[in-house]
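A look at the structure
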Amino acid sequence: MGGMVVGRRGVIAGGVGLLAGASARPTVAADRPIDVLVIGGGLAGLIAARDLAKDGHRVLMLEARPRLGGRVAWDQLAGQAVDSGGTWFHWHQAAIWREVQCYELEVVERPVADRYFIGVGGAFRAMTPEELDGRLRRGLAAFWGDPALQAALATPFAVQASGDRLAALDRMSVEDRLRAIRLDPVDDSALRAIFSDFGRPLDQVSLAWAMQRMANGLWTYESFMALFAVYRLRGTMRALCEAIRADGGFDLRLDAPVTQVVQGAGGVLVRTADGTAFAARAAVVATPVEAWRAIRFSPELPADHRQAAAEGMAAPRLCNFILHVRGLPGVVNSFAPAGIEPFEFTFTHSTIDDGQLLSAYAMEGAIGVRDGAARLETALRRFVPEARLAGFVGHDWGREPFSLGGSGSLKLGQMARFVDRLDRPIGRLCFAGADFAPQFAGFLTGAIESGARAARRIGGILGRG
Ligand SMILES: Cc1cc2nc3c(=O)[nH]c(=O)nc-3n(C[C@H](O)[C@H](O)[C@H](O)COP(=O)(O)OP(=O)(O)OC[C@H]3O[C@@H](n4cnc5c(N)ncnc54)[C@H](O)[C@@H]3O)c2cc1C
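Note that the structure is a prediction, hence the values are computed from the model and not measured.

Thoughts on the UniProt feature "binding site: FAD" (unreviewed entry) in the protein
As annotated by UniProt and renumbered to match this structure, "binding site: FAD" (unreviewed entry) occupies Glu63, Ala64 and Val258. In three dimensions, the annotated residues from a span of 196 residues occupy one location, with a maximal C-alpha spread of 7.9 Å. Relative to the helices and strands, Glu63 is located in the loop between strand E2 (59–62) and strand E3 (74–77). Apart from the residues lying within four places of it in its own chain, the contact partners of Glu63 are Gly40, Gly41, Leu68, Leu252, Leu254 and Ala256. On the secondary structure map, Ala64 appears in the loop between E2 and E3. Ignoring anything within four residues of it in the chain, the contact list for Ala64 reads Ala256, Pro257 and Phe402.

Here it is as structure tokens:
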């Protein structure tokens, strides 16, 4: 098999058309064989494709949806462009910050909340920022304060080198740890409430994953809290996707779900749902783990990969919304322990002339896009009775066939088995994605880490012939 298109259409469809609605017209003469096929155009795939193309390889990206971005998405609401997928990042997340700086993209800071509403005992309790701050500082100090737990993550960037100690932590849940430290009930509720952003019930969240998130911030309260929605891009994450795409110099086919990946001695053959086949010297698979289920791999994937696909790694029921709300008393932020309130957390995304745009997340799928405005407004009124909903946009990520889940935490045992392992090359294939990224699994920056690493690894394979 060697670097040419063998599909029934007989051409490679490239395309400079960028995001939603771009046509799949051919723009690149099929006179040079494809070196690498990149399957999936989320951030991991975009970075891998760009880096490989910049290294002089001919790259074709095959993306299932009619747009790029994957779990990065954008909509219009109240005349504003809003992010409706992955949005927030911080400068201590080096991989994404570097991209943002490189492309000179403008960063906007989230307004700081002056009113908190915390789910305690089945109702919301108003807290001043000072009260919440005190409770969380106490709670987190107890949660991560055991030196033996911290020692397991002495090098949080090198999960596999952490060995048995990390594996033992990975078998424990966040719930196990909360039970062990026995906080005062309101401190306990406050901690459970902010942990609702882990995206699944706490007895299913790997303690090792949660601790890695804390170790990444040097076990400091400020750095841990910096992971809760501090900076976003002006003009949405679309600006970053467009910058990478424009810089990349790779070809693109949208609306091209891959259904089959076959590896031979000298290359890879990839088939899309319409029957077109593409051959290349190597491929990067940058879809969510859950999406591997819909692809036939030959030879069969190793047992760990099959197991990861069967278990799933992303939060399966995550719905998120941007709500246009009037009548809010100030800059608000609500948090509730998973599974109790319709929204696990909400916060003022921005203030506009006519009210506020509020980000709202339902991690346990208690409320969905199909439920409509009246139910969303009722959910909001649980903490601000005077709130009036003027409009909304939302995504139900578990129902999107090319995601089958949102993002969030890793389940028990997944860190030791999958992180820093699923991305090791298998012949001429390399897997990339935020879900099993080495340092920030589940985050935008993790997708970038992982895509860059896949590009380097595939580049090494191509260099060897
Ligand atoms: C609601 C929500 C909010 C989030 N908020 C944040 C946040 O604020 N900060 C943060 O750091 N992270 C956040 N995240 C997480 C972050 O968005 C993701 O971790 C990251 O975008 C995943 O990137 P990826 O490239 O690994 O995967 P994806 O973005 O899922 O990209 C995979 C791509 O593969 C494509 N694909 C799937 N199957 C096929 C196929 N068969 N053939 C071809 N293509 C296929 C998909 O269409 C998709 O484009 C959030 C996620 C969600 C859902």
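Section: the pairing of strand E6 (residues 115–120)
As paired elements, E6 and strand E16 (residues 332–335) share four bridges and run parallel to each other. Across the sheet, the residue bridging to Phe117 is Ser334, located in E16. Note: E6 against strand E7 (residues 123–127), five bridges, orientation antiparallel. Bridge pairing in E7 links Phe117 to Ala126. With antiparallel pairing between neighbouring strands as the criterion, E6 and E7 make up a hairpin whose turn holds two residues, including Gly121 at a positive phi of roughly 60°.

Some details on the site of the ligand
Close to the ligand lie 41 residues; Gly40, Gly42, Gly70, Gly86 and Ala434 are nearest. Only helix H1 (43–54) and helix H14 (444–463) provide two or more residues apiece to the shell around the ligand. For the shell around the ligand, the residue count by class is 22 nonpolar, 16 polar and three charged. Residue assignment places the shell around the ligand across two domains, with domain 1 (36–70 + 236–311 + 409–463) and domain 2 (74–112 + 315–399) each supplying three or more.

A word on the UniProt feature "domain: Amine oxidase" (unreviewed entry) in the protein
Using the residue numbers shown here, the UniProt feature "domain: Amine oxidase" (unreviewed entry) corresponds to residues 43–458. Its end C-alpha atoms 17 Å apart, residues 43–458 is made of 32% helix and 23% strand.

Quick word on the packing of helix H5 (residues 163–170) against helix H8 (residues 207–216)
Here H5 crosses H8 at 115°, and the two axes come no closer than 6 Å. In terms of orientation, H5 lies roughly perpendicular with respect to H8. Note on element contacts: H8 touches H5 through Leu207, Ala208 and Met211, opposite Leu166, Leu169 and Asp170. Tallied by class, residues from the contact of H5 with H8 come to five nonpolar, no polar and one charged.

What about the nonpolar core?
In this structure, Val36, Leu37, Ala48, Ala283 and Val284 are the most contacted members of the largest nonpolar core, which totals 141 residues. Tallying contributions element by element places H1 first for this core, with eight residues. Setting aside anything within four residues of it in sequence, one finds Leu37 in contact with Leu60, Leu62, Val268, Val270, Phe278, Ala280 and Ala283.

As for the pairing of strand E4 (residues 80–83)
Here four bridges tie E3 to E4, and the two strands are oriented antiparallel to one another. Along E4, the bridge assignment pairs Asp75 with Val82. From the end of E3 to the start of E4, which pair antiparallel, there are two residues, and Ala78 there has a positive phi angle of about 50°.

Things to note about the sheet that holds strand E1 (residues 36–39)
As summarised here, the arrangement of the five strands in space is E9-E2-E1-E13-E20, forming an open sheet in which the pairing is parallel. Looking along the sheet, the strands with just one partner apiece sit at the ends: strand E9 (251–253) and strand E20 (429–431). Geometrically, the sheet is characterised by an average inter-axis angle of 20° between neighbouring strands, direction not taken into account. One ladder, built from three bridges, connects E2 with E9; its direction is parallel. Looking across to E9, one finds that Leu62 is bridged to Arg253. Contacting E1, E2 and strand E13 (282–285), H1 crosses the sheet at an angle of about 165° to E2.

Digging into the environment of Asp51
With respect to the helices, strands and loops of the structure, Asp51 is situated in helix H1. When the 22 C-beta atoms within 10 Å are taken as the criterion, Asp51 is described as buried. Along the sequence, Asp51 and Thr351 sit 300 residues apart, while their C-alpha atoms lie 37 Å from each other. With residues near it in sequence (within four places) discarded, Asp51 still touches Ala452 and Ala455.

Conventions used here
- Residues numbered from 1 in each chain as written.
- Predicted model: local features only at pLDDT ≥ 70, side-chain atom pairs only at ≥ 80, totals over all residues.
- UniProt positions renumbered as here; feature names shortened; annotations may be inferred.
- Helix = DSSP H or I, 4+ residues; strand = E, 2+ residues; numbered from the N terminus.
- Contact = placed C-beta atoms within 7 Å.
- Pairing = 2+ DSSP bridges.
- Near = placed C-beta within 6 Å.
- Nonpolar A, V, L, I, M, F, W, Y, C, P; charged D, E, K, R; others polar.
- Domains from an automatic or database assignment.
- Axes fitted to C-alpha atoms, helices over the stretch in contact; angles between N-to-C directions.
- Parallel < 35°, antiparallel > 145°, perpendicular 65-115°, else oblique.
- Core = buried A, V, L, I, M, F, W, Y, C linked by C-beta atoms within 7 Å.
- Buried ≥ 20, exposed ≤ 12 C-beta atoms within 10 Å, placed from the backbone.

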